[in-house]
Amino acid sequence: MLAIKVPKRKAERVRRRLLELGVLARGYSIKREGDFVLFPVTERVEGFELVESEFKESRKRPHSYREVVDVPAKLRPLLPSSFDIIGDIAIIELPEELVPHGRAIGEAILKVHRHIKAVFAKGSAVSGEYRVRELMHLAGERRTETIHRENGIRLKLDVARVYFSPRLATERMRVFKMAKRGEVVLDMFAGVGPYSILLAKKADVVFACDINPWAVKYLEENRRLNRRENVIPILGDVRKISGRLKADRVIMNLPKFARDFLREAIASTRRGGVVHYYGFSHESDLFGMHEKAILKAAGELGREVKILGRRKVRPYAPRQFNIAVDFRVL
Ligand SMILES: C[S@@+](CC[C@H](N)C(=O)[O-])C[C@H]1O[C@@H](n2cnc3c(N)ncnc32)[C@H](O)[C@@H]1O
């Protein structure tokens, strides 16, 4: 096959250049001959002398889909370095220029990650009351239901019909570690139950509310799947139940609109109880406006609050963060 022969001392620089150009033949071992190194290539490369040589097929498995994907060399720098994996489904965010190559990217992901059975691209931002996004099928099965494992629990869900982010697993474990045995928990925006099912391991009872009927359907299944009979799924607008029950711990995982539900959260918290509040912020004011809203809502209800902690949970957009504020209601 076609090859490029270069002195050993230049080999690393040339290897990087060939990768950049996307002309290094995949699946073959690079070869040494005395003081020279031979690279198998797929086409003639300007500035290098070509030779003909035999290469052994390499058995090394690629680590990233980027090593095997077939896209034009000039687009390679745009290939995302990561994507979300929910159960056995991959969801990738593609820049516009790569959308016409979606199928090749999907196939490459399936080839490298054998446990992934379906690949989708994000077709829109998360939007609407249910916080779901459009998805475009790229490769593999046309299936959107899966079972995701995190923090020792199993979560059945449909990635096209409900909100779910695997990137919050560490945050959920952090809240779980703060929780005490025997608590009453209110998960105001429960989704398919990643907080509720986890916290139910310690809590007496978890009231898990969501307005999306699909989320509550999966929440009910997940309660059975994980044998957590102390999770009580509630379908509907949380405004209808807030204040009518009192919890020791309240989870407000609706970062886009949580500020509008602060009165409901505080009214549903027992004296001494804790609220885990989530929001989105620009890096120039990560916590100020959220804490102001918390103090204002508490003041309107004649309650006092004590901020227990604040942190960045994850980046959300350029210079914007998903943040969390924990506060005690007195
Ligand atoms: C960002 S998702 C969080 C889901 C879940 N806590 C998680 O971590 O995966 C917010 C959820 O709130 C639900 N929701 C939005 N408005 C609501 C409301 N007024 N009452 C109850 N649930 C609501 C949405 O359907 C969505 O499932």
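Please refer to the structure placed before this passage.
Every value quoted in this text rests on a predicted model; they were computed, and no experiment measured them.

Chemist: I'd like a description of the site of the ligand, backed by residues and values.
Modeler: Taken together, 20 residues lie near the ligand, and R172, F189, D210, V238 and N253 sit nearest. In the model, an oxygen atom of the ligand is placed 2.9 Å from a nitrogen or oxygen of the R172 side chain. F189 places a main-chain nitrogen or oxygen 2.8 Å from a nitrogen atom of the ligand. Contact with the protein chains hides 98% of the accessible area of the ligand, taken as 600 Å² for the molecule alone. Among the residues making up the shell around the ligand, the classes are represented as 11 nonpolar, four polar and five charged. Each of domain 2 (65–143) and domain 3 (165–329) accounts for three or more of the residues forming the shell around the ligand.

Chemist: Please set out the environment of A265 residue by residue, giving values where relevant.
Modeler: For A265, the location among the structural elements is in helix α6 (residues 262–267). Given the relative accessible area of 0%, A265 is considered buried. In this structure the C-alpha to C-alpha distance between A265 and G288, which are 23 residues apart in sequence, comes to 19 Å. Not counting the four nearest positions on each side in its chain, A265 is found in contact with M188, V250, M252 and V275.

Calculation notes
- Per chain, the residues get numbers from 1 upward, laid out in the order the sequence is written.
- Totals for whole chains, interfaces and linings use every residue, but because this is a predicted model, local features are given only for residues with pLDDT of at least 70 and side-chain atom pairs only at 80 or more, for both listing and counting.
- Side-chain metrics in this entry use all non-hydrogen atoms of the structure; hydrogen atoms and water are not considered.
- A molecule or strand has a residue near it when one of that residue's heavy atoms lies within 4 Å.
- Distance and chemistry together define a polar contact, namely a pair of N or O atoms within 3.5 Å, with one atom able to donate a hydrogen and the other to accept it when in protein, and with adjacent residues in sequence counting only for side-chain atoms on both sides.
- Per-residue accessibility takes into account occlusion by the displayed protein chains alone, with areas from the Shrake-Rupley method and a 1.4 Å probe.
- In this count, Pro and Cys sit with the nonpolar residues alongside Ala, Val, Leu, Ile, Met, Phe, Trp and Tyr, while Asp, Glu, Lys and Arg are called charged and the others, Gly among them, polar.
- Marked domain ranges trace back to an automatic or database domain assignment.
- Only DSSP runs of H or I reaching four residues or more are called helices, and only runs of E reaching two or more are called strands; each is numbered from the N terminus.
- Only protein chains enter the area calculation, which uses a 1.4 Å probe; residues under 20% of their type maximum are buried, those over 50% are exposed, and those in between are partly exposed.
- It only takes one pair of heavy atoms within 4.5 Å for two residues to be counted as in contact.

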